[in-house]
Amino acid sequence: GQQLNQSPQSMFIQEGEDVSMNCTSSSIFNTWLWYKQDPGEGPVLLIALYKAGELTSNGRLTAQFGITRKDSFLNISASIPSDVGIYFCAGRSFGNEKLTFGTGTRLTIIP
Amino acid sequence: DTGVSQNPRHKITKRGQNVTFRCDPISEHNRLYWYRQTLGQGPEFLTYFQNEAQLEKSRLLSDRFSAERPKGSFSTLEIQRTEQGDSAMYLCASSRGQGILQVQDGYTFGSGTRLTVV
């Protein structure tokens, strides 16, 4: 099945650093969602975006809905150990119930 | 209601056997979704229900797969004659929706059922 292009594939950072990741699609979406998944668990919703150009924050997390509707960005400021995990973007087009997920970004914090 | 509940959490089965998974969505959510996730990949859509009606099925859902939501509450996903390629995490999610509009609360996923076919 189709998967969105998500980059980087993995990140190794030190605690306290800021993190940026992005997701691109060949098709337009009207909803972008960002999820975090811990090993052996289901994805947990972090941020939902519903309008092109929208910038939304959730604590140390900030996400943006790209103006072209074909991309989205997630930033994490001042990373902490519990930020470790896999981050997935997901897009949904108007009138379509299914989510199309990205390939994931694995975040590791180096001691 | 604490979220989407899936049972069992893990299932190991022999090739050729049938397996059934259960999902209990958040009670006020009328839409229920099944996704499959293989190692190193994002979840892939399988099917979704609005109340008891199954409204969309992915081409990934072969004829060995069947999903039901008989009373519009819990759902079951059955895989017949399992194959090694069916080994994956099966995720259930739920949401509220009205027509083509999605209530702005995204999807809530369960913890998944990890299937291993040996």
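Every chain begins its residue count from 1, and numbering advances along the sequence as written. Chain labels run from A onward and ligand labels from 1 onward, assigned in the order the entries are written. Per-residue local features are limited, in this predicted model, to residues with pLDDT of at least 70; the limit for side-chain atom pairs, both in listing and counting, is 80 or more; totals at the level of whole chains, interfaces and linings are taken over all residues. Side-chain figures throughout are based on the complete set of non-hydrogen atoms in the structure, without hydrogens or water.

### Quick word on the environment of Phe21(B)
All names here are of chain B. Rule in force here: In this description a helix means any DSSP run of H or I spanning at least four residues, a strand means any run of E spanning at least two, and both kinds are numbered starting from the N terminus. Using a 1.4 Å probe on the protein chains alone, a residue whose accessible area is under 20% of its type maximum counts as buried, one over 50% counts as exposed, and one in between counts as partly exposed. Contacts between residues were defined by any pair of non-hydrogen atoms, one from each residue, lying within 4.5 Å.
For Phe21, the location among the structural elements is in strand E3 (residues 19-24). Owing to a relative accessible area of 0%, Phe21 belongs among the buried residues under this scheme. For Phe21 and Cys92, which are 71 residues apart along the polypeptide, the C-alpha to C-alpha distance reads 9.8 Å. When sequence neighbours within four positions are dropped, the list of residues in contact with Phe21 reads Asn7, Pro8, Lys11, Trp34, Ser75, Thr76, Leu77, Ile79, Tyr90, Thr113 and Leu115.

### Concerning the sheet that holds strand E3 (residues 19-24) of chain A
All names here are of chain A. Stated formally: Think of it this way: DSSP has to see at least two bridges between two strands before they count as a pair. Every axis in this analysis is a line fitted to C-alpha atoms, fitted for helices over the stretch in contact. Angles between the N-to-C directions lie between 0 and 180 degrees.
An order of E1-E3-E8-E7-E6 is seen for the five strands of this open sheet, with the pairing classed as antiparallel. Either end of the sheet is taken by a strand with one partner, and the two such strands are strand E1 (5-7) and strand E6 (55-58). Here the strands of the sheet are splayed against their neighbours by 15° on average, with no regard to which way each runs. Both E6 and strand E7 (residues 61-65) contribute to a ladder of four bridges, which runs antiparallel. Bridge pairing in E7 links Leu55 to Gln64.

### What about the interface of chain B and chain A?
Quick reminder of the rule: The term buried area denotes the loss of accessible surface (1.4 Å probe radius) that occurs when two parts are joined, taken as the sum for both partners. Definition used for salt bridges: Asp or Glu carboxyl oxygen within 4 Å of a side-chain nitrogen of Lys or Arg.
At the interface, 24 residues of chain B touch 21 residues of chain A. Summing both partners gives a buried area of about 1,900 Å² for chain B against chain A, and 52% of it is carried by carbon and sulfur. Across the chain B-chain A interface, the total number found is two salt bridges. Glu41(A) is the salt-bridge partner of Arg9(B), the closest N and O atoms lying 3.6 Å from each other.

### Re the state of the cysteines
Stated formally: Our working definition of a disulfide is a cysteine sulfur pair at a distance within 2.5 Å.
Considering all chains together, one arrives at two disulfides over all chains under this definition. Note on cysteine connectivity: Cys23(A) is disulfide-linked to Cys89(A), with sulfurs 1.9 Å apart. The S-S bond linking Cys23(A) to Cys89(A) shows a torsion near 40°; that makes this disulfide right-handed. Residue Cys23(A) is found in strand E3, and its partner Cys89(A) is found in strand E9 (residues 85-92); the two are separated by 66 residues along the sequence. When its relative accessible area of 0% is taken as the criterion, Cys23(A) is described as buried. Across a sulfur-sulfur distance of 1.9 Å, Cys23(B) and Cys92(B) are joined as a disulfide pair. Residues Cys23(B) and Cys92(B) share a disulfide whose torsion about the S-S bond is about -70°; that sign makes it left-handed. Of this pair, Cys23(B) sits in strand E3 while Cys92(B) is found in strand E9 (residues 88-95), placing the two residues 69 residues apart along the sequence. Across the pair, exposure class does not vary: Cys23(B) and Cys92(B) are buried alike.

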